[in-house]
Each structure stands twice: as C-alpha cells, then as structure tokens.
Amino acid sequence: DQQVKQNSPSLSVQEGRISILNCDYTNSMFDYFLWYKKYPAEGPTFLISISSIKDKNEDGRFTVFLNKSAKHLSLHIVPSQPGDSAVYFCAANEGYTGNQFYFGTGTSLTVIP
Amino acid sequence: DTAVSQTPKYLVTQMGNDKSIKCEQNLGHDTMYWYKQDSKKFLKIMFSYNNKELIINETVPNRFSPKSPDKAHLNLHINSLELGDSAVYFCASSHRPAGASYNEQFFGPGTRLTVL
C-alpha cells in the first residue's frame, strides 16, 4: 500500500511561470517531508524539506507548503527555468519513531523555453 | 569527487546467474540504503544499514543479500537472478537512520539491471 502518492505523472510549464507539484500522504504519523529532483541516468538529489511543525519552507525559487489536516504538500517553483526539467519525488518519514523514507512515484516536470 | 558511487552502472545478465552491485560513500555517513525502482518508477526501500548493522530488511526475497564490510560500503549480492529483478537499483547514505529529522539521503547514480 503506497503511503505517499503523486497523482500527476507529468507537468508542463512555460519558462518564467510557476510550477506546482503536488503530493498526498496517508500516514498521519509522518512528520518530516522531503522533495528530491532526479535527472535521467542520475540518482535523486535532495532539494528541500519541511518539518510538520511548519507549514512553509522557502529556499530561493523553491517553496514547500504543508497542509497537515489535508495530508497534502506541494512544491512551488517560481520562476520555472528549463534546467528545472526533471522528475520530482516527494518523500516522507515518521521522524524519530520511524525508520525509513517512503517515496512517491514522481512527477516529470518539463519547462518549455 | 563522487559522494555516493555505484558499480557497475549497467548490468545485463542471464536468468539464474549471481551478480553483485557495489556501493561506496565518502561522506562519512553512518547509514546506507538500497532502493529498487521498478518499471512503475516506484522507489522502494530494500535494506538499510547503520554502522554496519542491518536495521531495515523489507520484504525482499532472500536471494538478495546485502553486505557491509565497513561504514563506507554497502554491497548488494543477488543469487539466481529472475526476470522480475530487472530494475534500477539505487544506493543511498545519510548521517543518521531515516527516523531522525533533518536528515536527507544522498543517492548514487543507480545501477540498471537487466535480466534476460
């Protein structure tokens, strides 16, 4: 049973516009969430994270929003750039009570120049 | 200077063979992982080692055996390979076990295993 879900397998956005990638989870014990970015033929690389004590974390063009009541998080990229084209994975764990990360199936983002 | 490296990058082999994938990290991390990414792109944990000790062993056939000779290495040996083993296998490492907050994983480039 998949505890972290990314229901949009792909997303296309014009350069300069906002990209919004969504992630839903089912385990209410999750309290730490991460986004990873993956280029073809490479491993995922860490992008940004958020703890459940926050509802927003910002790092440059990347902002992650967490809605705990809805068990939903989103990654906003603004402005989007062609180099952002990659697969984005959402991941979660249970913090100090858990022992593994659970990953979504990824969303492939294409930023059109 | 590669942080997490895996060899080989590609592996094509026949059913029934035994093969190994090696992983090394030079980040000084205590915890290492093996993930399998299947055809549906689902990234699923297989094993996790902390300080050379096994801490996660998900429902994986016992044909898969991880070996950690030291903290910097976690190798994956697969016996009697089957068609369904074809996937991309990622090694990863982190400072602490996954249960600790503010603790991201660093991934290797992946090994694409194809079983014919």
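Just above sits the structure.
Source: prediction; values computed, not measured.

Visitor: Just to check I follow, could you spell out the overall build of chain B for this structure?
Guide: When its secondary structure is counted, chain B shows 0 helices and 11 strands. Across chain B, helices and strands are ordered from the amino to the carboxyl terminus as β-β-β-β-β-β-β-β-β-β-β. In summary, chain B has a C-alpha radius of gyration of 13 Å against a globular reference of 13 Å for 116 residues, a match within 12%. With the C-alpha coordinates of chain B rotated into their principal frame, the extents come out at 40 × 30 × 30 Å. Across the 116 residues in chain B, those meeting the buried criterion constitute 45%.

Visitor: What exactly am I supposed to notice about the overall build of chain A here?
Guide: Along the backbone of chain A there are 0 helices and 11 strands. Walking chain A from its N terminus toward its C terminus, one meets helices and strands in the order β-β-β-β-β-β-β-β-β-β-β. In terms of overall dimensions, chain A is globule-like: its C-alpha atoms have a radius of gyration of 13 Å, near the 13 Å expected for 113 residues. Seen through its principal axes, chain A has C-alpha atoms that stretch 45 × 30 × 20 Å. Taken across its 113 residues, chain A has 47% of its residues classed as buried. Long-range pairs, those at least 24 residues apart, make up 55% of the contacts in chain A with a sequence separation of at least 6.

Visitor: Which parts of the structure should I look at to understand the sheet that holds strand β3 (residues 19-25) of chain B?
Guide: Picture the strands of a sheet paired through backbone hydrogen bonds; they go either parallel or antiparallel. All names here are of chain B. Spatially, 4 strands are ordered β1-β3-β8-β7 in an open sheet, and the strand pairing comes out antiparallel. Of all strands in the sheet, those with a lone pairing partner are β1 (4-7) and β7 (64-70), marking the two edges. Across the sheet, the mean angle separating the axes of adjacent strands is 20° when strand polarity is ignored. Judged from the 4 bridges that link them, β3 and strand β8 (residues 73-78) form a sheet pairing that is antiparallel. Each bridged residue has a counterpart across the sheet, and for isoleucine 21 the counterpart in β8 is leucine 76.

Visitor: I would appreciate a short explanation of the state of the cysteines in the present structure.
Guide: Here, disulfide denotes a covalent bond that connects the sulfur atoms of two cysteines. All names here are of chain A. Within the structure shown, the criterion is met by 2 disulfides over all chains. The residue that forms a disulfide with cysteine 23 is cysteine 90, at a sulfur-sulfur distance of 2.0 Å. On the S-S bond that ties cysteine 23 to cysteine 90, the torsion sits near -75°, and the link is left-handed. Of the two residues, cysteine 23 sits in strand β3 (residues 19-25) while cysteine 90 sits in strand β9 (residues 86-93), which places them 67 residues apart along the sequence. Considered together, cysteine 23 and cysteine 90 belong to a single accessibility category, that of buried residues.

Visitor: What am I meant to see in the side chain of Thr63(A) here?
Guide: Along the chain, Thr63(A) turns up in strand β7 (residues 62-67). The contacts of Thr63(A), once residues within four sequence positions are left out, are Ile48(A), Lys56(A), Asn57(A), Glu58(A), Ser74(A), Leu75(A) and His76(A).

Rules of the game
- Residues numbered from 1 in each chain as written.
- Chains lettered and ligands numbered in written order.
- Predicted model: local features only at pLDDT ≥ 70, side-chain atom pairs only at ≥ 80, totals over all residues.
- Heavy atoms only, no water.
- Helix = DSSP H or I, 4+ residues; strand = E, 2+ residues; numbered from the N terminus.
- Rg over C-alpha atoms; globule rule 2.2 N^0.38 Å.
- Buried < 20%, exposed > 50% of the residue type's maximum accessible area, 1.4 Å probe, protein only.
- Contact = heavy atoms within 4.5 Å.
- Pairing = 2+ DSSP bridges.
- Axes fitted to C-alpha atoms, helices over the stretch in contact; angles between N-to-C directions.
- Disulfide = S-S within 2.5 Å.

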